Amino acid sequence: MPWPMPALLVWGAAWSVFIVATRWLQMSPVIALLLAAGLAITFSLRGETRWRRLLIAWGFPLSLGVSGVVGDVPAWPWLLPLLLLAVLYPVQAWRDAPLFPTPAQALKGLARLAPLPAGARLLDAGCGLGDGLIELRREYPHAQLTGLEWSWPLRFACAWRARFATVRRADMWAADWSDCDLVYLFQRPESMPRAAQKAARELKAGAWMASLEFRVPELRPTKVLNCDDGRQVWLYRAPFAKR
Ligand SMILES: C[S@@+](CC[C@H](N)C(=O)[O-])C[C@H]1O[C@@H](n2cnc3c(N)ncnc32)[C@H](O)[C@@H]1O
């Protein structure tokens, strides 16, 4: 089921339980809240990443808390974070990945496993606030770096933080990857088959697709970088090898 459908379904189910319990069964709001939150937390355990588990678990209690249904918290503050989220995060970008930056030093050792000549072209597809670009520059100080970002505010923030790179507001799926020597991704598990297909079509022989954390199940990685924090960077060199 594509994200964020699981979260929306769980929040909807938790709200239904809460309404049925308080309105029809006349239960106390505290018991109803515990029941509904218990349901949300139980389903959240099935979330694929820690970020998703948190969102699934917290969506219902948070929305209840600010909805005004219990207590006298007015409903309007609920709209502010939603509005902020919508500006920062155009709906199209939700399908690919939430804003989660590449941690500092996460790519340490990448240039040793995937060496590239000075002037090589590197692309951070979905560059967010620029943390991925900053880490790529640490590894490849003489490369030409480009970042593509769908969200306008993030694109501007990234251009400001990563002044050494060319940063554009663009859809990474519509962009041409054919002149890249390395495409870096930190997206979400469901985006990886699409990214692999695009990379297989467009990357020249010898170019790399590097993905932090999320692998492509159908492909055999050429190399794997083990990060200090226990994550992996999956490295695929074109032409890709199937499992
Ligand atoms: C997990 S963040 C990673 C940010 C950055 N690459 C890093 O590692 O620090 C993913 C980013 O991809 C962006 N994104 C998602 N779909 C996109 C698309 N189709 N085109 C461009 N950017 C996209 C999101 O807005 C988000 O900022």
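Residues numbered from 1 in each chain as written. Predicted model: local features only at pLDDT ≥ 70, side-chain atom pairs only at ≥ 80, totals over all residues. Heavy atoms only, no water.

### Quick word on the overall build of the protein chain
Turning to step 1, where the next piece is worked out: Secondary structure summary: the protein chain contains nine helices and nine strands in total.
Turning to step 2, where the next piece is worked out: With 243 residues in all, the protein chain has 42% of them scored as buried.
Turning to step 3, where the next piece is worked out: Across the protein chain, the fraction of contacts at a sequence separation of at least 24, relative to all contacts at a separation of at least 6, is 59%. (Helix = DSSP H or I, 4+ residues; strand = E, 2+ residues; numbered from the N terminus. Buried < 20%, exposed > 50% of the residue type's maximum accessible area, 1.4 Å probe, protein only. Contact = heavy atoms within 4.5 Å.)

### Quick word on the pairing of strand 5 (residues 208–212)
Turning to step 1, where the next piece is worked out: With five of five residues buried, strand 5 lies mostly within the body of the structure.
Turning to step 2, where the next piece is worked out: Judged by which residues are buried, strand 5 turns out to be covered on both faces: Trp208, Ala210 and Leu212 on one side and Met209 and Ser211 on the other are all buried.
Turning to step 3, where the next piece is worked out: With four bridges joining them, strand 4 (residues 182–185) and strand 5 adopt parallel strand pairing. Looking at strand 5, one finds that Tyr184 is bridged to Ala210.
Turning to step 4, where the next piece is worked out: Handedness of the crossover joining strand 4 and strand 5 through helix 9 (residues 192–202): right-handed.
Turning to step 5, where the next piece is worked out: Note: strand 5 against strand 8 (residues 232–237), five bridges, orientation antiparallel. Within strand 8, the residue paired with Ala210 across the bridge is Leu235. (Pairing = 2+ DSSP bridges. Right-handed = clockwise from strand over helix to strand, strands pointing away.)

### Observations regarding a nonpolar patch on the surface
Turning to step 1, where the next piece is worked out: Residues Val20, Trp24, Leu25, Met27, Ile31 and Leu35 make up a contiguous nonpolar surface patch of roughly 600 Å² in combined accessible area.
Turning to step 2, where the next piece is worked out: Going through the elements one at a time, helix 1 (5–24) and helix 2 (29–44) are the ones with two or more residues in the nonpolar patch.
Turning to step 3, where the next piece is worked out: Residue placement: Trp24 occurs in helix 1.
Turning to step 4, where the next piece is worked out: Residue Trp24 is classed as exposed on the basis of its relative accessible area, which comes to 69%. (Patch = residues over 30% accessible without salt bridge, like charges linked within 9 Å, V, L, I, M, F, W, Y side chains within 5 Å. Areas by Shrake-Rupley, 256 points an atom, 1.4 Å probe, with all protein chains shown as cover. Salt bridge = Lys/Arg side-chain N within 4 Å of Asp/Glu carboxyl O.)

### Let's talk about the pattern of salt bridges
Turning to step 1, where the next piece is worked out: Summed over the entire model, instances satisfying the criterion amount to nine salt bridges.
Turning to step 2, where the next piece is worked out: A salt bridge links Asp228 to Lys108, with the nearest nitrogen and oxygen atoms 3.1 Å apart. Pair noted here: Asp228 is in the loop between strand 7 (223–226) and strand 8 and Lys108 is in the loop between helix 5 (91–96) and helix 6 (110–113), with a separation of 120 residues, a long-range link.
Turning to step 3, where the next piece is worked out: A residue is classified by how much of its surface remains accessible, and Lys108, at 45% relative accessible area, is partly exposed.
Turning to step 4, where the next piece is worked out: Put simply, Arg231 and Glu213 hold a salt bridge, and the shortest N to O gap is 2.6 Å. Of this pair, Arg231 sits in the loop between strand 7 and strand 8 while Glu213 sits in the loop between strand 5 and strand 6 (219–220), placing them 18 residues apart in sequence.

### What to know about the nonpolar core
Generally speaking, nonpolar side chains in soluble globular proteins are found buried as a group.
Turning to step 1, where the next piece is worked out: In this structure, Trp177, Leu203, Met209 and Val233 are the most contacted members of the largest nonpolar core, which totals 52 residues.
Turning to step 2, where the next piece is worked out: Those elements that place two or more of their residues in this core are helix 6, strand 1 (121–125), helix 7 (131–139), strand 2 (144–149), strand 4, helix 9, strand 5 and strand 8.
Turning to step 3, where the next piece is worked out: Core analysis: the second largest hydrophobic core is formed by twelve residues, Phe18, Ala36, Ala40 and Leu64 among them. (Core = buried A, V, L, I, M, F, W, Y, C linked by side-chain atoms within 4.5 Å.)

### Thoughts on the environment of Phe60
Turning to step 1, where the next piece is worked out: Here Phe60 is to be found in helix 3 (residues 50–67).
Turning to step 2, where the next piece is worked out: Those residues within four positions of Phe60 in sequence are excluded, and the remaining contacts are Trp11, Ala14, Trp15, Phe18, Leu33, Ala36 and Ala37.

### Thoughts on the packing of helix 1 against helix 3
Turning to step 1, where the next piece is worked out: At their nearest, the axes of helix 1 and helix 3 sit 9 Å apart, and the two run at 45° to each other. Overall, the two elements helix 1 and helix 3 adopt an arrangement that is oblique. Viewed along their axes, helix 1 and helix 3 form a crossing whose handedness is right-handed. Between helix 1 and helix 3, the residues in contact are Ala7, Val10, Trp11, Ala14, Trp15 and Phe18 and Leu55, Ile56, Gly59, Phe60, Ser63, Leu64 and Ser67, respectively.
Turning to step 2, where the next piece is worked out: Grouping the constituent residues of the contact of helix 1 with helix 3 by class yields ten nonpolar, three polar and no charged. (Axes fitted to C-alpha atoms, helices over the stretch in contact; angles between N-to-C directions. Parallel < 35°, antiparallel > 145°, perpendicular 65-115°, else oblique. Left-handed = near helix turned anticlockwise from the far one by under 90°. Nonpolar A, V, L, I, M, F, W, Y, C, P; charged D, E, K, R; others polar.)

### With respect to helix 8 (residues 152–161)
Turning to step 1, where the next piece is worked out: All of the buried residues in helix 8 are Leu154, Arg155 and Cys158. Looking straight down helix 8, one finds that the buried residues subtend no more than 105° of arc, so they occupy a single side.
Turning to step 2, where the next piece is worked out: Two or three places before Leu154, at the opening of helix 8, Ser151 has a side-chain oxygen 3.4 Å from that residue's backbone nitrogen. (Arc of directions from axis to C-beta. Polar contact = N/O pair within 3.5 Å; in protein donor to acceptor, adjacent residues only side chain to side chain.)

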